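Each chain, letter by letter, is given below.
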Amino acid sequence: MSGIDLSVRKGEIFGIIGHSGAGKSTLLRCVNLLERPTEGKVSVGGVELTGLPSSGLQKQRRRIGMIFQHFNLLSMATVRDNIAFPLKLAKKPRKAVSARVDELIELVGLNGHADKYPAQLSGGQKQRVGIARALANNPDVLLCDEATSALDPQTTNSILSLLLDINRKLGITILLITHEMHVIRTICDRVAVIDRGEIVEMGDVADVFLRPAHPVTRDFVLQVADSSDSRALAGHSGGRVFRVNYVGSLTYEPILYNAVRATNVRFAILQGTVSRMKTTPYGQLVVELIGSDSEIEAIAAQLRIEGLDVEELR
Amino acid sequence: MNKWLETFENFENLNGDELWEATKDTLVMMAWSMVFTVILGLVLGVVLFLTSRRQLLAQPVVYGALSLIVNILRSVPFVILMISIMPFTKLIIGTTLGVEGSIPPLVVAAVPFFARLVETALREVDRGVIEAAQAMGASKSAIVTRVLLLEARPGLLAAVTITAVTLVSYTAMSGVIGGGGLGDLALRHGYQRFQPDVMLVTVLLLILVVQLLQTAGDRMVRRYSRK
């Protein structure tokens, strides 16, 4: 990895996406110094971790929760004892530990499972134990290392909504890494795309994914698109084809209709997605416009004025 | 059937008291040597594990040296080991004979064996769990006592069982230098006085001890397995 300059804002959900081997896991593990960078600094909440002795680092790590792809629970301990583990490490009194564990079990929705062992739980339940354990000492930051990659789509969604809930209720900053675009789109505020140890693109999720500049980003966008642009083009009948992107409240406005209405141009939607990125609605259409060139240019100009992103494909 | 009984001299040489005493001696030797072996071997095994490559205290030189000593002790046949450490035994116990005199050689032979089994059992612990503990701010000593030893418990119990069974045969061998116990009885009566009945019964008793140890050990492992 080189030239990584990343800062995550307090209270946001920041996603790092990259293919396997891109360095995202290493990057995440540098945040709590499970992996020590050869050069550079790591600060969390204003404390520079790279400069701390090991006892100081141990103390700071209690402010940074972490969950893992393979959960990494103590197989020989019950759900209760797993969640109590970080509290006991922090030498909390016994009564406080037990009360806090009950609270956490409630928070992550594991009522009735307290005395089970991890082997008796499903993947989603194991990750809930992992989350409860990570939250035990009221951390400021939660690191998620491919937290949903070992789960089925339905369980993934339930874990993602739990994370979103935690972020909103407790105000915990979440830094996650994933190779799934779906995860980024569902809960992240900002995203960084990493490739071969370098951050190639970074910004608000909607910005980065509606106007992907880097080929790797485009790959990830295609992951969630129903079909590719080229397939959409195969069906067109000779007009000019544009890709139109729009975000936010514009999504619900009849902008395309308004622009076309005054002209003799007809249009066909070859491909389209109208969806949300976390809470931001967005649309992405591939439209064929059939009519005179001057009128088509006028429509494109009008759409741009309205704030849409218009790009001619052909 | 008669012929068979004749071979064993109608079991006329058997002496209940003597057999009981020998069995008791064997069990006492076993118990004491197990206590010392488990304590010392656990420490040595943990140190071996921690100093090995890519572990918490990775110290290639220390690991290499300890590993060499363990290998040397494990490759010396027990009978020879027993004889060669007699001065040491005499120094710490005062005698090289009887139950007490057999304990030091048994421990010296069993510790490296048990330590290797401990090292292997610790290696089976999921690295991710250790990492999770580190991420939670656990110190190295907390990782050993609260994570490694807990997670490796079934493996450690299996190691104790295997070591105990091995010690049974070692205690029998210690009869060669007058160690006492069932092995000693088998040697003196069964072999030197040609009393095959004594030989047979002592061997059967040894089998029984091993069988009981193994069953108890397996049960403990099962009781503590969570997978």
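Residues numbered from 1 in each chain as written. Chains lettered and ligands numbered in written order. Predicted model: local features only at pLDDT ≥ 70, side-chain atom pairs only at ≥ 80, totals over all residues. Heavy atoms only, no water.

> In this structure, what is going on with the overall build of chain A? I would like to understand it.
For chain A, the count of helices and strands is 12 helices and 12 strands. Overall, the C-alpha framework of chain A stretches about 80 × 45 × 30 Å when taken along its three principal axes. Taking all 314 residues of chain A together, 52% fall into the buried category. Here the contacts in chain A between residues at least 6 apart in sequence split such that 70% fall between residues at least 24 apart. Carbon and sulfur atoms make up 47% of the accessible area of chain A, which totals about 14,700 Å². Treating the 37 positive side-chain charges of chain A as one cloud and the 34 negative ones as another, the clouds have centres 10 Å apart. (Helix = DSSP H or I, 4+ residues; strand = E, 2+ residues; numbered from the N terminus. Buried < 20%, exposed > 50% of the residue type's maximum accessible area, 1.4 Å probe, protein only. Contact = heavy atoms within 4.5 Å. Areas by Shrake-Rupley, 256 points an atom, 1.4 Å probe, with all protein chains shown as cover. Lys, Arg positive; Asp, Glu negative; His and termini not counted. Charge placed at Lys NZ, Arg CZ, Asp CG, Glu CD.)

> Looking at this structure, how should I read the interface of chain B and chain A?
Accessible area lost upon the coming together of the parts is a frequently used measure of interface size. Facing 22 residues of chain B, the contacting portion of chain A comprises 22 residues. Of the roughly 2,000 Å² buried at the junction of chain B and chain A (both faces included), carbon and sulfur atoms supply 63%. Considering only the side of chain B, the residues that lose the most area to chain A are Ala135, Met136 and Arg226 of chain B, jointly responsible for 34% of the buried surface there. Inspection of the chain B/chain A interface yields one salt bridge. A salt bridge links glutamate 131 of chain B to arginine 29 of chain A; the nearest nitrogen and oxygen atoms lie 2.6 Å apart. On inspection of chain B and its partner chain A, the count reaches seven residue pairs in polar contact (both at pLDDT 80 or more). (Buried area = accessible area lost by both parts, 1.4 Å probe. Salt bridge = Lys/Arg side-chain N within 4 Å of Asp/Glu carboxyl O. Polar contact = N/O pair within 3.5 Å; in protein donor to acceptor, adjacent residues only side chain to side chain.)

> What exactly am I supposed to notice about empty space enclosed by the protein here?
Regions of empty space are outlined by a rolling probe, equal in size to a water molecule, passed over the atoms. The full count for this structure, using the stated rule, is three cavities of 30 Å³ or more. Volume-wise, the largest cavity comes out at about 90 Å³. As for the largest cavity, its lining consists of 13 residues, of which Ile64, Gly65, Arg133 and Ala134 of chain A together with Met136 of chain B are closest to the centre. Of all the secondary-structure elements, those providing two or more residues to the lining of the largest cavity are strand 4 (64-68) and helix 5 (123-135) of chain A together with helix 7 (127-135) of chain B. Of the residues in the lining of the largest cavity, the class split is eight nonpolar, two polar and three charged. Of the voids in this model, the second largest cavity is the one considered here, and its volume is about 60 Å³. Around the second largest cavity, the lining residues are Cys144, Glu146, Ala147, Thr148, Ser149, Leu160, Leu163, Leu176, Ile177, Thr178 and Val183 of chain A. Secondary structure elements with two or more residues in the lining of the second largest cavity: helix 6 (153-170) and strand 6 (173-178) of chain A. Considering each element in turn, the lining of the second largest cavity owes the most residues, three residues, to strand 6 of chain A. Tallied by class, the residues present in the lining of the second largest cavity amount to seven nonpolar, three polar and one charged. (1 Å grid on protein atoms, 1.4 Å probe; cavity = no way out; pocket = protein on both sides within 12 Å on 5 of 7 lines; lining within 4 Å. Points joined across faces, edges and corners; volume = space filled by probe spheres on them. Nonpolar A, V, L, I, M, F, W, Y, C, P; charged D, E, K, R; others polar.)

> Teacher, can you tell me more about the pattern of salt bridges here?
Think of it this way: side chains of opposite charge can pair up when their charged atoms draw near. Summed over the entire model, instances satisfying the criterion amount to 19 salt bridges over all chains. One salt bridge in this structure joins glutamate 119 of chain B and arginine 123 of chain B, with 2.5 Å as the shortest N-O distance. Residue glutamate 119 of chain B and its partner arginine 123 of chain B are both found in helix 6 (residues 98-123); the two are separated by four residues, about one turn of the helix. If you follow the salt bridges from partner to partner, you end up with Arg240, Asp293, Glu297 and Glu312 of chain A in one network.

> Sorry if this is basic, but what is going on with helix 4 (residues 94-107) of chain A here?
Think of an α-helix as 3.6 residues a turn; residues three or four steps apart then line up on the same face. Residues and elements named next belong to chain A. Along its 14 residues, helix 4 runs 20 Å from first to last C-alpha, staying within 8% of the 20 Å computed at 1.5 Å per residue. Every buried residue of helix 4 is accounted for by Val97, Arg100, Val101, Leu104 and Ile105. The arc that holds every buried residue of helix 4, seen down its axis, measures 140°, which confines them to one face. Projecting away from the buried face of helix 4 at angles above 90 degrees are the exposed residues Lys95 and Glu106. Residue glycine 109 follows helix 4 closely and has a positive phi angle near 70°. (Expected span 1.5 Å × (residues − 1). Arc of directions from axis to C-beta.)

> How should the packing of helix 2 (residues 16-51) of chain B against helix 11 (residues 196-223) of chain B be read in this particular structure?
When two helices pack together, their arrangement is given by the angle between their axes and by how far apart the axes lie. All names here are of chain B. Interhelical geometry of helix 2 versus helix 11 gives an angle of 35° and a closest axis separation of 11 Å. As for how helix 2 packs across helix 11, the hand of that crossing is right-handed. On the side of helix 2, the interface is formed by Leu19, Thr23, Leu27 and Met30, while helix 11 contributes Val201, Thr202, Leu205, Val209 and Leu213. A class-by-class count of the residues in the contact of helix 2 with helix 11 yields seven nonpolar, two polar and no charged. (Axes fitted to C-alpha atoms, helices over the stretch in contact; angles between N-to-C directions. Left-handed = near helix turned anticlockwise from the far one by under 90°.)

What is shown is where atoms sit, not what they do.
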